[in-house]
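# Reading the structure
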Amino acid sequence: EAGVAQSPRYKIIEKRQSVAFWCNPISGHATLYWYQQILGQGPKLLIQFQNNGVVDDSQLPKDRFSAERLKGVDSTLKIQPAKLEDSAVYLCASSFGLGSGAVETQYFGPGTRLLVL
Amino acid sequence: GESVGLHLPTLSVQEGDNSIINCAYSNSASDYFIWYKQESGKGPQFIIDIRSNMDKRQGQRVTVLLNKTVKHLSLQIAATQPGDSAVYFCAETGRTGRRALTFGSGTRLQVQP
């Protein structure tokens, strides 16, 4: 079974530029998560999707971050404009998505490492 | 706010010894706990989980212990191997209906040959 795919693996941009990350979850997984992991810290949730709907985006800096999952499969996370403090690894995870609030194992992709200069 | 934290940032053990990684949590509503292993340049990898109605759960070479009285979680790795070297995170989720995870800051495990 293929895992969670993410691209690109690395990205270097200058502040105020825009950047986009792509994620393709495990086939059949309805729930998709984007996490931000700053160096030396644990991942922090940015946004959670159930199919193509947003379940939780309370920690997403909406003035500069946006995410979509239009067809309920792959997802894109965008930052515009980027700030120095956005330098981090952006992790995508997916789970089966029973939709009943039940706990499920989340499987993570390799992440995209972003450096903002 | 509520948080999940770790007691030690780095743990160094000899190959073959047992390792114990500790984690404290503050959210009394937490009902599901997970340990993840993260190797350099990779995403977190699921190790083992435990629900709040359990005190102990065992996997292959790993055991998780949960003490709800003092809000403490530990991961025990038996016969630690060089391949166990990584950063270990505990994570939790509570009874809020929101099933995203809250992660601690991690403990780096270094296995000395």
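Here goes a summary of the coordinates provided. Treat the numbers as computed from the prediction; the structure is a model and nothing was measured.

Analysis parameters
Residues numbered from 1 in each chain as written. Chains lettered and ligands numbered in written order. Predicted model: local features only at pLDDT ≥ 70, side-chain atom pairs only at ≥ 80, totals over all residues. Heavy atoms only, no water. Helix = DSSP H or I, 4+ residues; strand = E, 2+ residues; numbered from the N terminus. Rg over C-alpha atoms; globule rule 2.2 N^0.38 Å. Buried < 20%, exposed > 50% of the residue type's maximum accessible area, 1.4 Å probe, protein only. Contact = heavy atoms within 4.5 Å. Areas by Shrake-Rupley, 256 points an atom, 1.4 Å probe, with all protein chains shown as cover. Lys, Arg positive; Asp, Glu negative; His and termini not counted. Charge placed at Lys NZ, Arg CZ, Asp CG, Glu CD. Salt bridge = Lys/Arg side-chain N within 4 Å of Asp/Glu carboxyl O. Pairing = 2+ DSSP bridges. Axes fitted to C-alpha atoms, helices over the stretch in contact; angles between N-to-C directions. Buried area = accessible area lost by both parts, 1.4 Å probe. Polar contact = N/O pair within 3.5 Å; in protein donor to acceptor, adjacent residues only side chain to side chain. Nonpolar A, V, L, I, M, F, W, Y, C, P; charged D, E, K, R; others polar. Disulfide = S-S within 2.5 Å.

## A closer look at the overall build of chain A
Within chain A, the secondary structure is distributed over zero helices and eleven strands. Taking 13 Å as the expected radius of gyration for a compact globule of 117 residues, we find that chain A reaches 14 Å, a close match to that expectation. C-alpha extents for chain A along the principal axes are approximately 40 × 30 × 25 Å. Here chain A holds 117 residues, and 46% of them are scored as buried. Partitioning the contacts of chain A with sequence separation of at least 6, the portion at a separation of at least 24 is 55%. Accessible surface for chain A amounts to roughly 5800 Å². Of this, 51% is attributable to carbon and sulfur atoms. Taken as two groups, the 12 positive and 10 negative side-chain charges of chain A have centres that lie 6 Å from each other.

## Notes on the pattern of salt bridges
All names here are of chain A. Tallied over the full model, the rule gives six salt bridges over all chains. When the shortest N-O distance is used, the salt bridge between Lys62 and Asp57 registers 3.7 Å. The class of Asp57 is partly exposed, set by a relative accessible area of 26%. Of the charged contacts, one joins Arg64 and Asp86 as a salt bridge, the two residues approaching to 2.5 Å between their closest N and O atoms. With Arg64 in the loop between β6 (53–56) and β7 (65–68) and Asp86 in the loop between β8 (75–79) and β9 (88–95), this residue pair connects regions lying 22 residues apart in the sequence.

## Some words on the sheet that holds β8 of chain A
Residues and elements named next belong to chain A. Read from one edge to the other, the open sheet built from four strands follows the order β1-β3-β8-β7, with strand pairing classed as antiparallel. Each having just a single partner strand, β1 (5–7) and β7 make up the two edges of the open sheet. Ignoring strand direction, the axes of neighbouring strands in this sheet form an average angle of 15 degrees.

## Notes on the interface of chain B and chain A
Of the residues lining the interface, 18 residues belong to chain B; the matching set on chain A comes to 22 residues. Note on chain B versus chain A: buried area summed over both sides is about 1600 Å², and carbon and sulfur give 52% of it. The tally of links between chain B and chain A comes to five residue pairs in polar contact (both at pLDDT 80 or more). For the side of chain B that touches chain A, the element with the most residues is strand β4 (residues 30–38) of chain B, which contributes three residues. When grouped by side-chain class, the residues that make up the side of chain B that touches chain A number eight nonpolar, six polar and four charged.

## What about the state of the cysteines?
Residues and elements named next belong to chain B. Under the definition given, this model contains two disulfides over all chains. Note that Cys23 is cross-linked by a disulfide to Cys90, the S-S spacing being 1.8 Å. Disulfide Cys23 to Cys90: torsion about the S-S bond roughly 50 degrees, handedness right-handed. One end of the pair, Cys23, is in strand β3 (residues 19–25); the other, Cys90, is in strand β9 (residues 86–94), with 67 residues separating them in the sequence. Grouping residues by exposure puts Cys23 and Cys90 together as buried.

## Here we look at the pairing of β9 of chain A
All names here are of chain A. Among the eight residues of β9, eight are classified as buried, and the element is accordingly described as predominantly covered. Of the two faces of β9, the one carrying Ala88, Tyr90, Cys92 and Ser94 and the one carrying Val89, Leu91, Ala93 and Ser95 are both buried. Where strand β4 (residues 31–37) meets β9, seven bridges bridge the pair, whose relative direction is antiparallel. Bridging across to β9, Trp34 finds its partner in Cys92. Of the pairings in the sheet, the one linking β9 to strand β11 (residues 112–116) comprises three bridges and is antiparallel in character. Among the inter-strand pairings, Val89 is bridged to a residue of β11, identified as Arg113. The pairing of β9 with strand β10 (residues 107–108) spans two bridges and is classified as antiparallel. Considered in β10, the bridge of Ala93 is made with Phe108.

## What to know about unusual backbone geometry
The step from Ser7 of chain A to Pro8 of chain A runs through a cis peptide bond, and the omega angle for that step is -10 degrees. Residue Pro81 of chain A follows Gln80 of chain A across a cis peptide bond; omega there is -5 degrees. Phi at Arg16 of chain A takes a positive value of approximately 80 degrees, unusual for a residue other than glycine. Tracing the backbone shows Arg16 of chain A in the loop between β2 (10–13) and β3 (19–24). Given a relative accessible area of 64%, Arg16 of chain A falls into the exposed group. Phi is positive for Lys71 of chain B, which is not a glycine, with a value near 55 degrees. With respect to the helices and strands, the residue Lys71 of chain B is situated in the loop between β7 (62–67) and β8 (72–77).

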